[in-house]
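Examining the three-dimensional arrangement
So the chains spell out like this:
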Amino acid sequence: MGKVGIFGDTGMIGQEIGKILKLHDLVETEFRQNSQRIEGNLGKCDIVFLATKEQESLRFAPEILAQGTRVVDLSGAYRLKNSSDFEKWYGIKHPNPELMQEAVYGLPAFYADTIKTARLVANPGCYPTSIILALKPLKGMLQGNVCIVSTSGISGARRDVEAESNERAYSAGKMHKHVPEIQFYSGFNMNFYPIVIESVFRGINTNIVAEISDKLKGLPDEQASMQLAARIKQAYKPEDLVTVTANQIGKYGTRDVNHTHKVVINVQVNDGAVHINSLIDNLLRGAASQAVENMNLMLGYSRLHGINRVCIPLPLLPC
């Protein structure tokens, strides 16, 4: 039995991790810590989840690693590789830039082999997860700048639903702190427009528009869509739980992925541009279940062990 700890266990993401681990028959939660109390023995843990903000993760991660315990960090503290970039985007001086270099980006579809042996895994953000999984396989098939509009339920801001509907666009263009993370790991330059829908609790709905390559422009739109969708499909294995469709924009929504670890990507070409719709649950695939998937890899378990038990079965896309 693996022994794990959770810092920030009563926060929104920490609670989601706890729910998954309760159903995971190969690990025991040995340690819990939040701002009010500490329970258990940190020294017995094999892996610790940091469901904390950047400032706390910067403080806790070096201490935990020094005692020989591995870390999955869910903040942005170790996702970037350059301390000056981190300080620019997060407004915090990084005390351990060498750990930024060591950290492995926790996107198992692309980095599973290095995650297995990592001491420190930087769990991706929810917006970047939805974007990188859709864009990264299309390198060479798109050109020019990419425009991205993503909506998130209010849980992305760690809050409950407001009584009145209110949609807030913020940090538009290249102002959001996830921009350097997305650009580095997707390989594309972009403008990013995040929108929080405060009357909705969970779910990421990402919409990407980009110019297709000149070669693809010589094809009928439907055929170009099929080629792009095929390229994305080829990038993923069944355990990646990525469903890709062509020419069905608008058919699926966050209801088809919420409460699951799944990703749905829809591709459609129109007049020389591709429109990509990427859907995930921000609390699970964009945070907690992805963190547990990383833990599984680090402990030598199958990637999805325990995760499928928290999925609510959906007729369209079963767990």
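These lines cover the structure that appears in this document, whether it is placed above or below. (Residues numbered from 1 in each chain as written. Predicted model: local features only at pLDDT ≥ 70, side-chain atom pairs only at ≥ 80, totals over all residues. Heavy atoms only, no water.)

This paragraph deals with the sheet that holds strand β6 (residues 104-105). Taken together, seven strands build an open sheet; the order of strands is β3-β2-β1-β4-β5-β7-β6 and the sheet is mixed. With one partner strand each, in any of the chains shown, β3 (38-40) and β6 form the two edges of the open sheet. Pairing geometry for strand β2 (residues 27-33) and β3, over three bridges, is antiparallel. Each bridged residue has a counterpart across the sheet, and for Phe-31 the counterpart in β3 is Gly-40. (Pairing = 2+ DSSP bridges. Helix = DSSP H or I, 4+ residues; strand = E, 2+ residues; numbered from the N terminus.)

For the rest of this paragraph, the subject is helix α5 (residues 108-117). Those residues of α5 that sit buried are Pro-108, Ala-109, Ala-112 and Ile-115. Along the axis of α5, the buried residues cluster in a sector spanning 90 degrees; they form a single face. In α5, those exposed residues whose orientation departs by more than 90 degrees from the buried face are Asp-113 and Thr-117. Taken together, the buried residues of α5 touch β5 (70-73), β6, β7 (120-122), α6 (126-135) and α10 (288-299). (Buried < 20%, exposed > 50% of the residue type's maximum accessible area, 1.4 Å probe, protein only. Arc of directions from axis to C-beta. Contact = heavy atoms within 4.5 Å.)

As enumerated under the stated definition, the model contains 14 salt bridges in all. For Glu-54, the salt bridge is made with Lys-177, and the minimal N-O distance between the two is 3.9 Å. With a gap of 123 residues between them, Glu-54 in helix α2 (residues 54-66) and Lys-177 in the loop between β9 (167-169) and α7 (179-186) connect regions that are remote in the sequence. The exposure class assigned to Glu-54 is buried, which follows from its relative accessible area of 11%. Note on Lys-177: relative accessible area 32%, which makes it partly exposed. Each of the salt bridges in this network shares a partner with another, and the network as a whole consists of Asp-9, Arg-37 and Glu-39. (Salt bridge = Lys/Arg side-chain N within 4 Å of Asp/Glu carboxyl O.)

As defined by bridge partners, strand β1 (residues 2-7) adjoins β2 across six bridges and the pair is classed as parallel. Pairing of Ile-6 across the sheet is with Arg-32, part of β2. Between the parallel pair β1 and β2, the chain is carried across by helix α1 (residues 12-22), and the sense of this crossover is right-handed. Counting the residues that bridge the hairpin from β2 to β3 gives four residues. (Right-handed = clockwise from strand over helix to strand, strands pointing away.)

Looking now at the nonpolar core. Generally speaking, a soluble globular protein has its nonpolar side chains buried in company with each other. Formed by 67 residues in total, the largest nonpolar core has its most connected members in Tyr-78, Leu-135, Leu-142, Leu-228 and Val-274. Counting residues per element, this core draws most heavily on α6, which supplies seven residues. In this structure, Tyr-78 is in contact with Ser-57, Leu-58, Ala-61, Pro-62, Asp-73, His-94, Leu-99, Met-100, Ala-103, Leu-120 and Ala-122, ignoring residues within four places of it in sequence. The next biggest cluster of nonpolar side chains, apart from the first, holds 28 residues, and it includes Ile-13, Val-72, Ala-287 and Leu-297. (Core = buried A, V, L, I, M, F, W, Y, C linked by side-chain atoms within 4.5 Å.)

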